[in-house]
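So you can see what is in the structure, the chains are spelled out below.
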Amino acid sequence: MKQTPETVILLNFGCKDIQKFARAIRDRHIYTMVMPYTVPAERVMQESPVGLIVCADKEVPARPEARAKFDALKLPTLDLSTGLGEVDAAVRFCREKCGCTGRWTLENFIDEAVADIRNQVGDRKVVLGLSGGVDSSVVAALIHKAVGKQLTCVFVNHGLLRKNEPEMVQEIFARNFDMNLCYVDASDRFLDKLKGVSDPEQKRKVIGKEFIEVFAEAAAKVDAPFLGQGTIYPDILESIPLDGNPNGVIKSHHNVGGLPKNMKFKLVEPVERLFKDEVRAVGRMLGLPSELIDRHPFPGPSLGVRHVGAIERNTLAMLREADAIVTEELIKAGWYHKTWQTFAIFVPVKTVGIKNQQRSYEYVIAIRSINSVDAVTAQVVRLPWELLETMMERIVREVDGVNRVVYDITAKPPGTIEWE
Ligand code: XMP
(Lines give C-alpha, C1' and ligand atoms only; values in the text may rest on other atoms or scores of the structure.)
Protein backbone atom coordinates (compact mmCIF):
# COMPACT_ATOMS: atom_id res chain seq x y z
CA MET A 1 0.00 0.00 0.00
CA LYS A 2 1.51 3.32 -1.05
CA GLN A 3 0.90 6.03 1.54
CA THR A 4 2.82 9.04 0.29
CA PRO A 5 4.77 10.13 -2.78
CA GLU A 6 7.70 11.27 -0.59
CA THR A 7 9.35 7.96 0.14
CA VAL A 8 12.99 7.73 1.18
CA ILE A 9 14.48 4.23 1.11
CA LEU A 10 17.06 3.09 3.64
CA LEU A 11 19.26 0.44 2.07
CA ASN A 12 20.39 -2.01 4.70
CA PHE A 13 24.00 -3.09 4.20
CA GLY A 14 24.10 -4.59 7.70
CA CYS A 15 23.00 -2.22 10.38
CA LYS A 16 21.43 -3.30 13.63
CA ASP A 17 19.73 0.00 14.47
CA ILE A 18 18.20 0.59 11.05
CA GLN A 19 14.58 0.03 12.13
CA LYS A 20 14.92 2.55 14.95
CA PHE A 21 16.55 5.04 12.59
CA ALA A 22 13.83 4.63 9.95
CA ARG A 23 11.21 5.09 12.65
CA ALA A 24 12.91 8.23 13.99
CA ILE A 25 12.91 9.85 10.52
CA ARG A 26 9.19 9.09 10.21
CA ASP A 27 8.70 11.05 13.43
CA ARG A 28 9.81 14.06 11.39
CA HIS A 29 7.01 13.40 8.87
CA ILE A 30 9.16 11.80 6.21
CA TYR A 31 8.06 8.35 5.08
CA THR A 32 10.86 5.78 5.14
CA MET A 33 11.12 2.19 4.02
CA VAL A 34 13.90 -0.31 4.74
CA MET A 35 15.19 -2.67 2.05
CA PRO A 36 18.12 -5.13 2.09
CA TYR A 37 21.09 -4.33 -0.17
CA THR A 38 20.24 -7.44 -2.17
CA VAL A 39 16.97 -5.90 -3.38
CA PRO A 40 16.73 -5.52 -7.19
CA ALA A 41 16.89 -1.90 -8.33
CA GLU A 42 13.49 -2.30 -10.06
CA ARG A 43 11.88 -3.15 -6.72
CA VAL A 44 13.30 0.06 -5.26
CA MET A 45 11.86 2.06 -8.15
CA GLN A 46 8.37 0.56 -7.64
CA GLU A 47 8.12 2.78 -4.57
CA SER A 48 9.04 5.90 -6.58
CA PRO A 49 11.55 7.00 -3.94
CA VAL A 50 12.79 10.59 -3.82
CA GLY A 51 16.08 9.56 -2.22
CA LEU A 52 18.23 6.74 -0.84
CA ILE A 53 20.20 6.36 2.37
CA VAL A 54 22.95 3.75 2.45
CA CYS A 55 23.20 2.34 5.98
CA ALA A 56 25.95 0.20 7.48
CA ASP A 57 27.83 -0.10 10.81
CA LYS A 58 31.65 0.41 10.81
CA GLU A 59 32.31 -3.26 11.17
CA VAL A 60 30.21 -3.95 8.07
CA PRO A 61 31.59 -2.51 4.82
CA ALA A 62 28.99 -1.10 2.41
CA ARG A 63 29.84 -3.50 -0.41
CA PRO A 64 30.88 -1.33 -3.37
CA GLU A 65 29.78 -3.92 -5.94
CA ALA A 66 26.24 -3.84 -4.55
CA ARG A 67 26.32 -0.05 -4.41
CA ALA A 68 26.75 0.27 -8.18
CA LYS A 69 23.18 -0.77 -9.06
CA PHE A 70 21.79 1.90 -6.71
CA ASP A 71 24.19 4.59 -7.93
CA ALA A 72 22.90 3.90 -11.44
CA LEU A 73 19.43 5.06 -10.33
CA LYS A 74 20.81 8.61 -10.10
CA LEU A 75 18.74 9.42 -7.04
CA PRO A 76 19.96 11.74 -4.28
CA THR A 77 21.90 9.39 -2.00
CA LEU A 78 23.18 9.88 1.53
CA ASP A 79 26.09 7.66 2.45
CA LEU A 80 25.92 6.48 6.07
CA SER A 81 28.10 3.47 5.42
CA THR A 82 30.37 4.30 8.34
CA GLY A 83 27.56 4.57 10.87
CA LEU A 84 24.12 6.16 11.11
CA GLY A 85 25.05 9.29 13.02
CA GLU A 86 22.41 11.87 13.99
CA VAL A 87 18.82 11.63 12.77
CA ASP A 88 18.91 15.41 12.19
CA ALA A 89 21.49 15.04 9.43
CA ALA A 90 19.39 12.42 7.65
CA VAL A 91 16.29 14.61 7.95
CA ARG A 92 18.19 17.58 6.52
CA PHE A 93 19.24 15.44 3.56
CA CYS A 94 15.61 14.37 2.96
CA ARG A 95 14.41 17.98 3.04
CA GLU A 96 17.23 19.74 1.23
CA LYS A 97 18.40 17.16 -1.31
CA CYS A 98 15.26 15.07 -1.86
CA GLY A 99 12.70 17.87 -1.61
CA CYS A 100 10.62 16.22 1.12
CA THR A 101 8.01 18.60 2.49
CA GLY A 102 7.09 16.43 5.49
CA ARG A 103 3.58 15.26 4.64
CA TRP A 104 3.75 11.89 6.41
CA THR A 105 1.37 11.92 9.35
CA LEU A 106 -0.67 9.18 10.93
CA GLU A 107 -3.86 11.18 10.30
CA ASN A 108 -3.06 11.09 6.58
CA PHE A 109 -2.20 7.43 6.92
CA ILE A 110 -5.64 6.64 8.34
CA ASP A 111 -7.44 8.55 5.58
CA GLU A 112 -5.43 6.82 2.87
CA ALA A 113 -5.68 3.36 4.47
CA VAL A 114 -9.46 3.70 4.77
CA ALA A 115 -9.70 4.76 1.10
CA ASP A 116 -7.47 1.85 0.05
CA ILE A 117 -9.53 -0.70 2.01
CA ARG A 118 -12.76 0.62 0.45
CA ASN A 119 -11.18 0.34 -2.97
CA GLN A 120 -9.92 -3.16 -2.39
CA VAL A 121 -13.01 -4.58 -0.70
CA GLY A 122 -15.81 -2.77 -2.51
CA ASP A 123 -19.16 -4.10 -1.27
CA ARG A 124 -17.81 -7.54 -0.33
CA LYS A 125 -17.14 -9.03 3.11
CA VAL A 126 -14.03 -9.24 5.28
CA VAL A 127 -13.35 -11.63 8.12
CA LEU A 128 -10.71 -10.99 10.78
CA GLY A 129 -9.35 -13.05 13.65
CA LEU A 130 -9.45 -10.83 16.71
CA SER A 131 -7.11 -11.90 19.50
CA GLY A 132 -7.46 -8.96 21.85
CA GLY A 133 -3.85 -8.00 21.10
CA VAL A 134 -2.88 -4.57 19.81
CA ASP A 135 -2.31 -5.35 16.13
CA SER A 136 -5.49 -7.26 15.37
CA SER A 137 -7.53 -4.76 17.42
CA VAL A 138 -6.19 -1.78 15.45
CA VAL A 139 -6.76 -3.57 12.15
CA ALA A 140 -10.33 -4.34 13.25
CA ALA A 141 -10.94 -0.66 14.06
CA LEU A 142 -9.41 0.47 10.76
CA ILE A 143 -11.30 -1.98 8.55
CA HIS A 144 -14.49 -1.22 10.47
CA LYS A 145 -14.01 2.49 9.82
CA ALA A 146 -13.66 1.68 6.12
CA VAL A 147 -16.43 -0.84 5.55
CA GLY A 148 -18.46 -1.03 8.78
CA LYS A 149 -20.74 -4.04 8.93
CA GLN A 150 -19.07 -5.72 5.97
CA LEU A 151 -16.43 -6.73 8.53
CA THR A 152 -16.97 -9.69 10.84
CA CYS A 153 -14.45 -10.31 13.60
CA VAL A 154 -14.01 -13.81 14.91
CA PHE A 155 -12.83 -13.96 18.50
CA VAL A 156 -11.86 -17.47 19.55
CA ASN A 157 -11.67 -18.22 23.26
CA HIS A 158 -9.25 -21.14 23.49
CA GLY A 159 -9.63 -21.36 27.24
CA LEU A 160 -6.13 -19.96 27.82
CA LEU A 161 -7.02 -16.28 28.01
CA ARG A 162 -6.39 -14.08 31.02
CA LYS A 163 -8.94 -13.28 33.70
CA ASN A 164 -11.93 -11.31 32.30
CA GLU A 165 -10.27 -11.07 28.87
CA PRO A 166 -13.16 -12.50 26.79
CA GLU A 167 -15.62 -10.12 28.44
CA MET A 168 -13.32 -7.11 28.16
CA VAL A 169 -12.57 -7.55 24.46
CA GLN A 170 -16.21 -8.13 23.53
CA GLU A 171 -17.36 -5.20 25.62
CA ILE A 172 -14.83 -2.77 24.11
CA PHE A 173 -15.70 -3.67 20.53
CA ALA A 174 -19.44 -3.74 21.11
CA ARG A 175 -19.44 -0.40 22.97
CA ASN A 176 -17.00 1.53 20.80
CA PHE A 177 -17.62 0.16 17.33
CA ASP A 178 -20.98 -1.58 17.11
CA MET A 179 -19.13 -4.29 15.24
CA ASN A 180 -20.18 -7.71 13.92
CA LEU A 181 -18.33 -9.86 16.41
CA CYS A 182 -18.57 -13.62 16.38
CA TYR A 183 -17.44 -14.98 19.74
CA VAL A 184 -16.56 -18.66 19.76
CA ASP A 185 -16.11 -20.24 23.16
CA ALA A 186 -14.01 -23.27 22.29
CA SER A 187 -12.44 -23.65 25.75
CA ASP A 188 -13.62 -27.21 26.27
CA ARG A 189 -12.44 -28.30 22.87
CA PHE A 190 -8.93 -26.91 23.45
CA LEU A 191 -8.57 -28.09 27.03
CA ASP A 192 -9.72 -31.59 26.07
CA LYS A 193 -7.14 -31.75 23.27
CA LEU A 194 -4.43 -30.51 25.66
CA LYS A 195 -5.16 -33.12 28.30
CA GLY A 196 -1.94 -34.90 29.28
CA VAL A 197 0.21 -32.95 26.78
CA SER A 198 3.30 -31.76 28.63
CA ASP A 199 5.92 -31.22 25.92
CA PRO A 200 6.16 -27.45 25.19
CA GLU A 201 6.44 -27.81 21.41
CA GLN A 202 3.62 -30.33 21.32
CA LYS A 203 1.42 -27.96 23.34
CA ARG A 204 2.09 -25.14 20.89
CA LYS A 205 1.29 -27.44 17.97
CA VAL A 206 -1.99 -28.60 19.51
CA ILE A 207 -3.05 -25.03 20.27
CA GLY A 208 -2.04 -23.74 16.82
CA LYS A 209 -3.72 -26.54 14.88
CA GLU A 210 -6.93 -26.36 16.89
CA PHE A 211 -6.98 -22.59 16.55
CA ILE A 212 -6.83 -22.76 12.77
CA GLU A 213 -9.64 -25.34 12.70
CA VAL A 214 -11.95 -23.33 14.96
CA PHE A 215 -11.21 -20.08 13.13
CA ALA A 216 -11.70 -21.69 9.71
CA GLU A 217 -15.09 -23.13 10.77
CA ALA A 218 -16.30 -19.73 12.00
CA ALA A 219 -14.86 -17.86 9.00
CA ALA A 220 -16.50 -20.24 6.54
CA LYS A 221 -19.92 -19.21 7.89
CA VAL A 222 -19.21 -15.59 7.00
CA ASP A 223 -18.38 -16.50 3.40
CA ALA A 224 -15.98 -13.60 2.93
CA PRO A 225 -13.43 -13.33 0.11
CA PHE A 226 -11.14 -11.15 2.25
CA LEU A 227 -9.16 -11.90 5.38
CA GLY A 228 -7.87 -9.03 7.51
CA GLN A 229 -4.45 -9.51 9.11
CA GLY A 230 -2.50 -7.63 11.76
CA THR A 231 0.85 -7.93 10.01
CA ILE A 232 3.14 -5.04 10.99
CA TYR A 233 6.33 -3.73 9.39
CA PRO A 234 8.86 -5.43 11.74
CA ASP A 235 7.17 -8.79 10.94
CA ILE A 236 8.09 -8.22 7.32
CA LEU A 237 11.53 -6.69 7.88
CA GLU A 238 12.58 -9.44 10.26
CA SER A 239 11.59 -12.15 7.82
CA ILE A 240 13.76 -10.80 4.98
CA PRO A 241 17.29 -12.23 5.14
CA LEU A 242 19.78 -9.42 4.62
CA ASP A 243 22.03 -11.39 2.27
CA GLY A 244 19.70 -14.09 1.02
CA ASN A 245 20.86 -16.48 3.75
CA PRO A 246 17.78 -17.81 5.60
CA ASN A 247 19.87 -18.22 8.80
CA GLY A 248 19.84 -14.44 9.04
CA VAL A 249 16.08 -14.38 9.58
CA ILE A 250 15.15 -13.24 13.08
CA LYS A 251 11.66 -14.70 12.95
CA SER A 252 9.42 -16.03 10.25
CA HIS A 253 6.46 -13.91 9.38
CA HIS A 254 3.63 -16.19 10.38
CA ASN A 255 0.62 -15.54 8.19
CA VAL A 256 -2.28 -17.65 7.07
CA GLY A 257 -0.09 -20.37 5.62
CA GLY A 258 -1.80 -22.79 7.97
CA LEU A 259 -5.38 -22.17 6.85
CA PRO A 260 -7.06 -25.02 4.92
CA LYS A 261 -6.32 -24.88 1.19
CA ASN A 262 -9.97 -24.60 0.17
CA MET A 263 -10.20 -21.27 2.01
CA LYS A 264 -8.79 -18.93 -0.58
CA PHE A 265 -8.63 -15.49 0.96
CA LYS A 266 -7.28 -12.28 -0.40
CA LEU A 267 -5.43 -10.49 2.38
CA VAL A 268 -6.20 -7.05 3.75
CA GLU A 269 -3.15 -5.90 5.71
CA PRO A 270 -3.59 -2.19 6.35
CA VAL A 271 -0.83 -1.74 8.95
CA GLU A 272 1.84 -3.78 7.20
CA ARG A 273 3.99 -0.67 6.75
CA LEU A 274 3.70 0.61 10.33
CA PHE A 275 6.03 0.18 13.27
CA LYS A 276 4.53 -1.03 16.53
CA ASP A 277 4.26 2.34 18.22
CA GLU A 278 2.68 3.81 15.08
CA VAL A 279 0.10 1.02 15.20
CA ARG A 280 -0.61 1.97 18.82
CA ALA A 281 -0.96 5.66 17.90
CA VAL A 282 -3.38 4.81 15.09
CA GLY A 283 -5.39 2.71 17.55
CA ARG A 284 -5.65 5.66 19.94
CA MET A 285 -6.75 7.97 17.13
CA LEU A 286 -9.46 5.48 16.20
CA GLY A 287 -10.77 5.47 19.76
CA LEU A 288 -9.41 2.22 21.16
CA PRO A 289 -8.90 2.49 24.93
CA SER A 290 -5.50 2.32 26.59
CA GLU A 291 -6.41 -0.92 28.39
CA LEU A 292 -6.23 -2.58 24.97
CA ILE A 293 -3.62 -0.49 23.17
CA ASP A 294 -0.95 -0.23 25.85
CA ARG A 295 -0.98 -3.82 26.99
CA HIS A 296 2.15 -5.87 27.37
CA PRO A 297 2.87 -8.30 24.52
CA PHE A 298 1.06 -11.58 25.07
CA PRO A 299 2.02 -14.80 23.26
CA GLY A 300 -0.42 -16.44 20.84
CA PRO A 301 -0.57 -19.69 22.88
CA SER A 302 -1.35 -17.43 25.85
CA LEU A 303 -1.38 -18.89 29.36
CA GLY A 304 -0.64 -22.25 27.73
CA VAL A 305 3.09 -21.44 27.58
CA ARG A 306 3.10 -19.99 31.09
CA HIS A 307 1.71 -23.15 32.62
CA VAL A 308 4.63 -25.54 32.74
CA GLY A 309 3.71 -29.16 32.01
CA ALA A 310 0.31 -30.67 31.24
CA ILE A 311 -2.60 -28.26 31.68
CA GLU A 312 -5.32 -29.15 34.16
CA ARG A 313 -8.34 -26.94 34.60
CA ASN A 314 -7.71 -26.42 38.32
CA THR A 315 -4.03 -25.52 37.92
CA LEU A 316 -4.83 -23.26 34.96
CA ALA A 317 -7.31 -21.45 37.21
CA MET A 318 -4.50 -20.94 39.78
CA LEU A 319 -2.29 -19.39 37.12
CA ARG A 320 -5.10 -17.14 35.84
CA GLU A 321 -5.78 -15.84 39.35
CA ALA A 322 -2.09 -15.31 40.15
CA ASP A 323 -1.54 -13.52 36.82
CA ALA A 324 -4.46 -11.17 37.55
CA ILE A 325 -2.98 -10.34 40.97
CA VAL A 326 0.48 -9.66 39.50
CA THR A 327 -0.97 -7.34 36.86
CA GLU A 328 -3.28 -5.56 39.29
CA GLU A 329 -0.48 -4.86 41.79
CA LEU A 330 1.93 -3.83 39.04
CA ILE A 331 -0.56 -1.25 37.76
CA LYS A 332 -1.35 -0.04 41.28
CA ALA A 333 2.36 0.50 42.01
CA GLY A 334 2.87 2.45 38.76
CA TRP A 335 5.23 -0.16 37.30
CA TYR A 336 3.12 -1.56 34.45
CA HIS A 337 4.41 0.85 31.81
CA LYS A 338 7.97 0.66 33.11
CA THR A 339 8.31 -2.99 32.12
CA TRP A 340 8.07 -4.76 28.77
CA GLN A 341 6.40 -7.84 30.23
CA THR A 342 5.60 -8.91 33.78
CA PHE A 343 3.65 -12.06 34.45
CA ALA A 344 3.09 -15.19 36.52
CA ILE A 345 4.10 -18.75 35.63
CA PHE A 346 2.63 -21.92 37.05
CA VAL A 347 5.32 -24.36 38.20
CA PRO A 348 4.04 -27.93 38.62
CA VAL A 349 6.08 -28.62 41.72
CA LYS A 350 4.60 -29.03 45.19
CA THR A 351 6.48 -27.83 48.24
CA VAL A 352 5.79 -27.95 51.93
CA GLY A 353 4.59 -24.85 53.72
CA ILE A 354 2.34 -23.55 56.50
CA LYS A 355 -1.11 -22.15 55.75
CA ASN A 356 -3.72 -21.33 58.40
CA GLN A 357 -1.33 -22.74 61.01
CA GLN A 358 -1.39 -26.10 59.28
CA ARG A 359 1.01 -28.00 57.09
CA SER A 360 0.35 -27.41 53.43
CA TYR A 361 1.74 -29.20 50.38
CA GLU A 362 0.96 -27.00 47.40
CA TYR A 363 2.17 -25.58 44.09
CA VAL A 364 4.69 -22.85 43.19
CA ILE A 365 4.03 -19.65 41.23
CA ALA A 366 6.96 -17.83 39.64
CA ILE A 367 6.95 -14.11 38.80
CA ARG A 368 8.93 -12.84 35.80
CA SER A 369 9.52 -9.19 34.92
CA ILE A 370 11.71 -8.14 32.00
CA ASN A 371 12.62 -5.16 29.90
CA SER A 372 13.55 -5.36 26.27
CA VAL A 373 13.58 -3.32 23.09
CA ASP A 374 12.87 -6.06 20.60
CA ALA A 375 12.26 -9.25 22.64
CA VAL A 376 15.45 -10.70 21.11
CA THR A 377 17.35 -10.04 24.33
CA ALA A 378 15.86 -9.09 27.69
CA GLN A 379 17.04 -7.84 31.07
CA VAL A 380 15.46 -8.75 34.37
CA VAL A 381 13.64 -5.85 36.04
CA ARG A 382 14.51 -5.26 39.69
CA LEU A 383 10.95 -4.72 40.87
CA PRO A 384 10.77 -3.09 44.33
CA TRP A 385 10.97 -5.68 47.07
CA GLU A 386 7.81 -4.30 48.72
CA LEU A 387 5.85 -4.77 45.49
CA LEU A 388 7.05 -8.37 45.16
CA GLU A 389 6.09 -9.01 48.78
CA THR A 390 2.59 -7.63 48.19
CA MET A 391 2.19 -9.87 45.14
CA MET A 392 3.46 -12.88 47.10
CA GLU A 393 1.20 -12.23 50.10
CA ARG A 394 -1.89 -11.88 47.92
CA ILE A 395 -1.08 -14.95 45.80
CA VAL A 396 -0.57 -17.32 48.75
CA ARG A 397 -3.62 -15.89 50.51
CA GLU A 398 -6.03 -15.70 47.56
CA VAL A 399 -5.00 -18.50 45.23
CA ASP A 400 -6.10 -21.88 46.51
CA GLY A 401 -3.48 -24.52 45.90
CA VAL A 402 -0.42 -22.22 45.94
CA ASN A 403 1.81 -21.78 48.98
CA ARG A 404 5.08 -20.48 47.52
CA VAL A 405 6.15 -17.67 45.17
CA VAL A 406 9.58 -17.33 43.54
CA TYR A 407 11.14 -14.58 41.39
CA ASP A 408 12.81 -15.45 38.09
CA ILE A 409 16.15 -13.60 37.84
CA THR A 410 17.22 -15.04 34.48
CA ALA A 411 18.03 -12.67 31.61
CA LYS A 412 17.51 -13.58 27.94
CA PRO A 413 19.85 -15.20 27.02
CA PRO A 414 20.29 -17.69 28.61
CA GLY A 415 16.56 -17.87 29.40
CA THR A 416 13.77 -17.10 26.95
CA ILE A 417 11.10 -14.64 28.03
CA GLU A 418 8.37 -17.27 28.20
CA TRP A 419 9.09 -20.46 30.12
CA GLU A 420 7.91 -22.73 27.31
P1 XMP B 1 10.64 -15.78 23.99
O2 XMP B 1 9.96 -16.64 24.99
O3 XMP B 1 10.91 -16.47 22.69
O4 XMP B 1 9.62 -14.60 23.64
O5 XMP B 1 11.87 -15.11 24.54
C6 XMP B 1 9.92 -13.47 22.87
C7 XMP B 1 8.65 -12.63 22.75
O8 XMP B 1 7.69 -13.30 21.93
C9 XMP B 1 6.53 -13.61 22.68
N10 XMP B 1 6.15 -14.98 22.30
C11 XMP B 1 5.20 -15.26 21.41
N12 XMP B 1 4.35 -14.47 20.74
N13 XMP B 1 3.37 -16.37 19.73
C14 XMP B 1 3.43 -15.03 19.89
O15 XMP B 1 2.64 -14.32 19.30
C16 XMP B 1 4.19 -17.22 20.37
O17 XMP B 1 4.11 -18.44 20.21
C18 XMP B 1 5.15 -16.63 21.26
N19 XMP B 1 6.11 -17.16 22.06
C20 XMP B 1 6.71 -16.11 22.68
C21 XMP B 1 6.90 -13.48 24.14
O22 XMP B 1 5.78 -13.15 24.95
C23 XMP B 1 7.94 -12.39 24.08
O24 XMP B 1 7.36 -11.10 24.03
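Residues numbered from 1 in each chain as written. Predicted model: local features only at pLDDT ≥ 70, side-chain atom pairs only at ≥ 80, totals over all residues. Heavy atoms only, no water.

Trainee: Could you give me a rundown of the nonpolar core, with the residues and numbers involved?
Mentor: Within the largest apolar cluster, 83 residues are counted, with the highest numbers of intra-cluster contacts made by L11, I53, F109 and F173. The greatest single-element share of this core, amounting to nine residues, is contributed by helix 6 (residues 134-147). Mapping this core onto the domain boundaries places at least three of its residues in each of domain 1 (8-96) and domain 2 (106-293). Each residue touching I53, except ones within four places of it in the same chain, is listed here: V8, I9, L10, L11, I25, L78, L80, A90, F93 and C94. Formed by 46 residues, the second largest nonpolar core is a distinct cluster that contains L191, A216, I325 and L383. (Core = buried A, V, L, I, M, F, W, Y, C linked by side-chain atoms within 4.5 Å. Buried < 20%, exposed > 50% of the residue type's maximum accessible area, 1.4 Å probe, protein only. Helix = DSSP H or I, 4+ residues; strand = E, 2+ residues; numbered from the N terminus. Domains from an automatic or database assignment. Contact = heavy atoms within 4.5 Å.)

Trainee: Please provide a residue-by-residue account of the domain arrangement of the protein chain, values included.
Mentor: As far as domains go, the protein chain holds domain 1 (8-96), domain 2 (106-293) and domain 3 (306-408). Computed from C-alpha atoms alone, the centre-to-centre distance between domain 2 and domain 3 is 29 Å. If you look at the interface, domain 2 gives 14 residues, while domain 3 gives 12 residues. When domain 2 packs against domain 3, close to 1,100 Å² is buried across both sides, 53% of that on carbon and sulfur atoms. Sorting the residues of domain 2 by area buried against domain 3 places K163, L191 and K203 first, and these three jointly supply 40% of that buried surface. Viewed at the interface, domain 3 and domain 2 are joined by three salt bridges. (Buried area = accessible area lost by both parts, 1.4 Å probe. Salt bridge = Lys/Arg side-chain N within 4 Å of Asp/Glu carboxyl O.)

Trainee: Which residues make up the sheet that holds strand 3 (residues 49-55), and what values do they have?
Mentor: The sheet built from four strands is open, its strands ordered 2-1-3-4 with parallel pairing. Strands at the two margins of the open sheet, each flanked by one partner only, are strand 2 (31-36) and strand 4 (77-80). Pairwise comparison of adjacent strand axes, ignoring direction, gives a mean angle of 20° for this sheet. Here helix 4 (residues 87-96) sits on the sheet and contacts strand 1 (7-12), strand 3 and strand 4; the angle it forms with strand 3, its principal contact strand, is near 155°. (Pairing = 2+ DSSP bridges. Axes fitted to C-alpha atoms, helices over the stretch in contact; angles between N-to-C directions.)

Trainee: Before we move on, can you summarise the sheet that holds strand 7 (residues 180-185) with the specific residues and values?
Mentor: Spatially, five strands are ordered 7-6-5-8-9 in an open sheet, and the strand pairing comes out parallel. With one partner strand each, in any of the chains shown, strand 7 and strand 9 (266-268) form the two edges of the open sheet. Across the sheet, the mean angle separating the axes of adjacent strands is 30° when strand polarity is ignored. With four bridges joining them, strand 5 (residues 126-129) and strand 6 (residues 151-157) adopt parallel strand pairing. Paired with V126 across the strands is L151, a residue of strand 6. Of the strands in this sheet, strand 5, strand 8 (226-228) and strand 9 are in contact with helix 5 (residues 106-121), which crosses strand 9 at around 165°.

Trainee: A description of helix 9 (residues 200-222) should follow, citing residues and the corresponding values.
Mentor: The first and last C-alpha atoms of helix 9 sit 33 Å apart over 23 residues, in line with the 33 Å expected at 1.5 Å per residue. Considered for burial, the residues of helix 9 that qualify are K203, V206, I207, E210, V214, F215, A216, A218, A219 and V222. Against strand 5, strand 6, strand 7, helix 8 (187-194) and strand 8 lie the buried residues of helix 9. Positive phi appears at D223, one or two residues downstream of helix 9, with a value of about 55°. (Expected span 1.5 Å × (residues − 1).)

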